[in-house]
Amino acid sequence: ITFNIKHSKLIRDLYTMPSFPIIATIACIAYGIESIFGFGGTIIFLGLSGLFYDFNSLLKLAMIVGLSSGLAVLIQSYKYLSWAHLIRILAFTIPGALIGTLLISSMTSEWLIKFFALILIIYACFNLFFPNIFIPETLKKALVVLGGFIQGVYTIGGPFVLMGYKDHFSSKQELRSTMAGYFFIINSLRVVFYILLGGSYIEIVAEYYPIAFMVMISVWLGYLVHRKISEDLFKKLIIIAILIIGIIILVTK
């Protein structure tokens, strides 16, 4: 009986663990796109890979990949980072991010991915149909706090933080670099907190650590594209893609 249980667990783990070539390709494309437009990498990564693999495993992998992406942007354009904005965003989001990290292991994969799909759809619809919607300052602060919580659970709190805070940045470069610093710090804290709670990244890191270096290269290449291609058209295409991904996940999972 013990052998059968262990054998069954091994088969299940092998089935849910992502294929390296596929997951590496999705990660490089997703974070290359984020480097071009300044957002959406983790949304695209989880949205596409979530069609094929276990969502809980992907959430842990997204933390590691997100760290490498943020580090790549900071190495490339650290001089544009605003420490004042970064400290303020962290003050709003760290409590929610830690609480959200507590809930990663307690929520079922099916519930996570369904709720994730709804987040994608709502986010895409607001950007498509209400791009210039007026948001009161109180609601903006609430969105930033909510972004911290969503970052803790799903690693995709960035869009919510930006919805609440984007008007404070003086330029796209400042926004891109400061948010990269935010993602790097908040994901580092989440990794440490998750480990202190008894969680483990050993299996994920041992199997997929080369993807971190591949993602950094794709981020640097993406920035070269960012300087030459019109942002408006690609932003609209990415929003449409996010909406389609959300609908597919909601219907099929």
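Residues numbered from 1 in each chain as written. Predicted model: local features only at pLDDT ≥ 70, side-chain atom pairs only at ≥ 80, totals over all residues. Heavy atoms only, no water.

## Looking at the overall build of the protein
Phase 1 of the analysis: Looking only at helices and strands, one finds eleven helices and zero strands in the protein.
Phase 2 of the analysis: Out of the 253 residues belonging to the protein, those deemed buried represent 51%.
Phase 3 of the analysis: Taking contacts inside the protein between residues at least 6 apart in sequence as the whole, the part at least 24 apart equals 81%.
Phase 4 of the analysis: For the protein, the accessible area works out to roughly 12,600 Å², and carbon and sulfur atoms hold 72% of it. (Helix = DSSP H or I, 4+ residues; strand = E, 2+ residues; numbered from the N terminus. Buried < 20%, exposed > 50% of the residue type's maximum accessible area, 1.4 Å probe, protein only. Contact = heavy atoms within 4.5 Å. Areas by Shrake-Rupley, 256 points an atom, 1.4 Å probe, with all protein chains shown as cover.)

## Quick word on the packing of aromatic side chains
Phase 1 of the analysis: Scanning the entire structure with this criterion turns up five aromatic pairs.
Phase 2 of the analysis: Aromatic side chains Tyr31 and Phe45 sit 6.2 Å apart centroid to centroid with 45° between the ring planes, which places their arrangement in the tilted category. Separated by 14 residues along the polypeptide, Tyr31 in helix H2 (residues 20-37) and Phe45 in helix H3 (residues 41-49) bring together distant segments of the chain. Per residue, the accessibility class of Tyr31 equals that of Phe45, and both read buried.
Phase 3 of the analysis: On the basis of an interplanar angle of 50° and a centroid distance of 5.5 Å, the ring pair of Tyr182 and Phe183 is categorised as tilted.
Phase 4 of the analysis: A relative accessible area of 0% means that Tyr182 is categorised as buried.
Phase 5 of the analysis: Owing to a relative accessible area of 17%, Phe183 belongs among the buried residues under this scheme. (Phe/Tyr/Trp six-rings, centres within 6.5 Å; stacked < 30°, edge-to-face > 60°.)

## Looking at the packing of H2 against H3
Phase 1 of the analysis: The geometry of H2 relative to H3 is characterised by a closest axis approach of 7 Å and an angle of 150° between their N-to-C directions. On the basis of the axis angle, H2 is roughly antiparallel to H3. Along this stretch, H2 crosses H3, giving a crossing that reads as right-handed. Contact residues: H2 offers Ile23, Ile26, Ala27, Ala30, Tyr31, Ile33 and Glu34, while H3 offers Gly41, Thr42, Ile44, Phe45, Leu48 and Ser49.
Phase 2 of the analysis: The residue inventory of the contact of H2 with H3, partitioned by class, reads nine nonpolar, three polar and one charged. (Axes fitted to C-alpha atoms, helices over the stretch in contact; angles between N-to-C directions. Parallel < 35°, antiparallel > 145°, perpendicular 65-115°, else oblique. Left-handed = near helix turned anticlockwise from the far one by under 90°. Nonpolar A, V, L, I, M, F, W, Y, C, P; charged D, E, K, R; others polar.)

## A look at the confidence of the model for the protein
Predicted coordinates in areas of low pLDDT are best not read in detail.
Phase 1 of the analysis: In this model, the protein carries an average pLDDT of 79, and 86% of its residues clear a pLDDT of 70 or more.
Phase 2 of the analysis: Taken element by element, the predicted model of the protein shows its lowest mean pLDDT in helix H1 (residues 2-16) (42) and its highest in helix H5 (residues 83-102) (91).
Phase 3 of the analysis: Low confidence marks residues 1-15, where pLDDT is under 50. Its contacts with residues over four positions away, or in another chain, come to zero contacts. (pLDDT = per-residue confidence, 0-100.)

## A few points about the nonpolar core
Phase 1 of the analysis: Membership of the largest hydrophobic core comes to 64 residues, with the highest contact counts inside it found for Phe45, Leu46, Met179 and Tyr182.
Phase 2 of the analysis: Formed by six residues, the second largest nonpolar core is a distinct cluster that contains Met63, Ile64, Val191 and Tyr201. (Core = buried A, V, L, I, M, F, W, Y, C linked by side-chain atoms within 4.5 Å.)

## Notes on the layout of surface pockets
Phase 1 of the analysis: Volume-wise, the second largest pocket comes out at about 290 Å³.
Phase 2 of the analysis: Lining the second largest pocket we find 15 residues, and of these Ile122, Phe126, Leu143, Phe160 and Met163 sit closest to its centre.
Phase 3 of the analysis: Sorting the residues of the lining of the second largest pocket by element identifies helix H6 (109-129), helix H7 (137-154) and helix H8 (158-165) as the ones contributing at least two each.
Phase 4 of the analysis: If one sorts the elements of the lining of the second largest pocket by residue count, H6 sits on top with six residues.
Phase 5 of the analysis: Taken together, the residues of the lining of the second largest pocket sort by class into 15 nonpolar, no polar and no charged. (1 Å grid on protein atoms, 1.4 Å probe; cavity = no way out; pocket = protein on both sides within 12 Å on 5 of 7 lines; lining within 4 Å. Points joined across faces, edges and corners; volume = space filled by probe spheres on them.)

## Focus on the side chain of Asn187
Phase 1 of the analysis: Its place among the elements puts Asn187 in helix H9 (residues 172-196).
Phase 2 of the analysis: A distance of 3.2 Å separates a polar atom in the side chain of Asn187 from a polar atom in the side chain of Gln151.
Phase 3 of the analysis: Apart from the residues within four sequence positions on either side, Asn187 is in contact with Met63, Gly66, Leu67, Gln151 and Thr155. (Polar contact = N/O pair within 3.5 Å; in protein donor to acceptor, adjacent residues only side chain to side chain.)

## Comments concerning H5
Since there are 3.6 residues in each turn of an α-helix, residues three or four apart along the chain are aligned in direction.
Phase 1 of the analysis: Across its 20 residues, H5 extends 27 Å between first and last C-alpha, which sits within 8% of the 28 Å expected from 1.5 Å per residue.
Phase 2 of the analysis: Of the positions making up H5, those classed as buried are His85, Leu86, Ile89, Leu90, Thr93, Gly96, Ala97, Gly100 and Thr101.
Phase 3 of the analysis: For H5, the secondary structure elements touched by its buried residues are H7, H8 and H9. (Expected span 1.5 Å × (residues − 1).)

## Side note on the packing of H7 against H9
Phase 1 of the analysis: Relative orientation of the contacting elements H7 and H9 amounts to 55°, with a least axis distance of 10 Å. In terms of axis orientation, H7 runs oblique to H9. In terms of crossing hand, the pair formed by H7 and H9 is right-handed. In this structure, H7 contributes Gly148, Gln151, Gly152 and Val153 to the contact, and H9 contributes Tyr182, Phe183, Ile186, Asn187 and Arg190.
Phase 2 of the analysis: Residues that form the contact of H7 with H9 fall into these classes: four nonpolar, four polar and one charged.

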